[in-house]
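Descriptive structure summary
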Amino acid sequence: MTGPRILLIDDEEEMRRSSAQALELFGLEVDTFASAEPVLELVGFAFDGVVVSDIRMPGMDGMTLLQRIREVDPEVPVILVTGHADVQLAVSAMRAGVYDFLEKPFTAQHLAGIIRRAMDRRSLVLENRRLRAVAGKRDDIEARLPGRTQVMVDLRYRLRAIGATDADTLIIGETGVGKEVVARALHDISARANRPFIAINCAALPENLIESELFGHEAGAFPGALRPRYGKFEHGRGGTILLDEIGSMPFDLQAKFLRVLQERVITRLGSNEPVPLDVRFVATSKVDLEAEVAAGRFRADLFYRLNVATLHVPALAQRRADIPLLFLQLVREAAARYVRNDVEVPPELMAEIAGRSWPGNVRELRNSADRLVLGLDTSPEDGSSQTGPHRLADKVAAYERGLIATALAAHRGSLKPVYEQLGVSRKTLYEKMQKYGLDKNISATAFQDDL
């Protein structure tokens, strides 16, 4: 499909079919779904369409779908439809960011008009993002992977270079650094952006059904296989398949997966017919795969086949200068997600955040931001009161660094109000910024428009 996409979800087949046919009469192209889950594989930052969903459905309902889509991209237009007049539900949907809320029955003309306006808005959003990227301002990649430390600049540069290709990619990083965010960004800036993004957790695949889950099966392939079934690989045709924590893939399955990587074909269980597979594979790992190869737990040939294009996602310990700005961004996102007013971060808390050890990386930092917005304790998740520095000098330095970072963020890189507020000279401020790895450009650009 080349034009904007309308994804229509309704668990009632007759309603789904009639709505799609009516919209097509108005010249709109519609993909229909009986459940919400498959839609999440199609919606990303590059999605150029509109989502129309019934609210009350088995499994994932429309409100949950709205929340999940907004986590991927809050500017995707979502239109919710209900057969139950409920003012409170409509208000909740509006607060959650729905584009429009319709009560059944409605005319196809009315729905088509709303969809066209939503499509125009989405086109404008995507065009503005493109123009901002051309102008050198924060683009989608920097919004999702913020930070001005050199390791983050290098990561975004490599990601953009690899993303434009179809190269299979290995993403390496500690737990919680955002490896899946990087994988999703790779998909969204590629030519496959409007095709499925299938995430497979290799550590959670059911051992007795793992081949059926990945490769699919024919009817009668094994006891209980009453009808043929597409596997996840085949379901992702034309798109991207993420193999999360590939180091957990069983050793005997690695050989079969290697053949898929090399030949781009699969064979369903119970069949001898090869099925061509047009996908891009992205794998993540939190463990050192070279060490796993040396220990005999991971195939060397599979490792070298995956290791053509590699992205290393840095831990927060490698980008400590980004922590204050990143925390403020996460606080802002949490306030929007929980429909709360903007939260002020006290300088003493920012100093503590800047100096704290973050073994859980961005995931742990995000949880701390969520707790702050919800009015809960922001102590470390392991329950300890340890905040990083042990010596008094270290604690004082962490506090001072937090004060300066907060002031720079508040004044968006304008130095005069910063040194006047802090009661220091311009020269002293420059020296402190150099000492703590802070600079004017970091603060001015990191918060421009987005914060």
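Everything here concerns the structure above.
The rules behind these values
Starting from 1, residues in each chain are numbered consecutively following that chain's sequence as written. Whole-chain, interface and lining totals are the exception, using all residues; otherwise, since this is a predicted model, local features are given only for residues with pLDDT of at least 70 and side-chain atom pairs are given and counted only at 80 or more. Side-chain metrics rest on all non-hydrogen atoms present in the structure, leaving aside hydrogens and water. Pairing between strands is defined by DSSP: at least two bridges between them are needed. Only runs of H or I of at least four residues qualify as helices and only runs of E of at least two qualify as strands under DSSP, and these elements are numbered from the N terminus. To get an axis, fit a line to the C-alpha atoms, keeping to the stretch in contact for a helix; angles then go from 0 to 180 degrees between the N-to-C directions. Working rule for angles: under 35 degrees goes down as roughly parallel, over 145 as roughly antiparallel, 65 to 115 as roughly perpendicular, anything else as oblique. Helix crossings fall into two classes, left-handed where the near helix is turned counterclockwise from the far one by less than a right angle and right-handed where it is turned clockwise. Only heavy atoms enter the contact rule, under which two residues are in contact if any of them lie within 4.5 Å. Here the term charged refers only to Asp, Glu, Lys and Arg, the term nonpolar to Ala, Val, Leu, Ile, Met, Phe, Trp, Tyr, Cys and Pro, and the term polar to all other amino acids, Gly among them. Accessibility here uses a 1.4 Å probe with only protein chains present; expressed as a share of the type maximum, an area under 20% marks a residue as buried, one over 50% as exposed, and anything in between as partly exposed.

**Things to note about the sheet that holds strand 8 (residues 240–244)**
- Overall, parallel pairing links the 5 strands, which are arranged 7-8-11-6-12 in an open sheet. What marks the edges here is a single partner per strand, and that holds for strand 7 (197–201) and strand 12 (309–312). Going from strand to strand, the sheet's axes swing by 20° on average, the running direction of each strand aside.
- In this structure, strand 6 (residues 169–172) lies alongside strand 11 (residues 280–285), joined through 4 bridges in parallel fashion. The residue bridging T169 from the neighbouring strand is V282, located in strand 11.

**Quick notes on the packing of helix 6 (residues 150–163) against helix 7 (residues 179–188)**
- Remark: helix 6 packs on helix 7, axes separated minimally by 9 Å, with the N-to-C direction vectors making an angle of 40°. Accordingly, the angle class assigned to the pair helix 6 and helix 7 is oblique. Of the two elements, helix 6 crosses helix 7, and the hand of that crossing is right-handed. Facing helix 6, whose interface residues are L155, L159, I162 and G163, helix 7 presents V182, A185 and L186.
- Residue composition of the contact of helix 6 with helix 7, by class: 6 nonpolar, 1 polar and no charged.

**What to know about the environment of A164**
- Of note, A164 is situated in the loop between helix 6 and strand 6.
- You can call A164 exposed: its relative accessible area is 65%.
- Taking C-alpha positions, A164 is 6.6 Å from I189, a pair spaced 25 residues apart along the chain.

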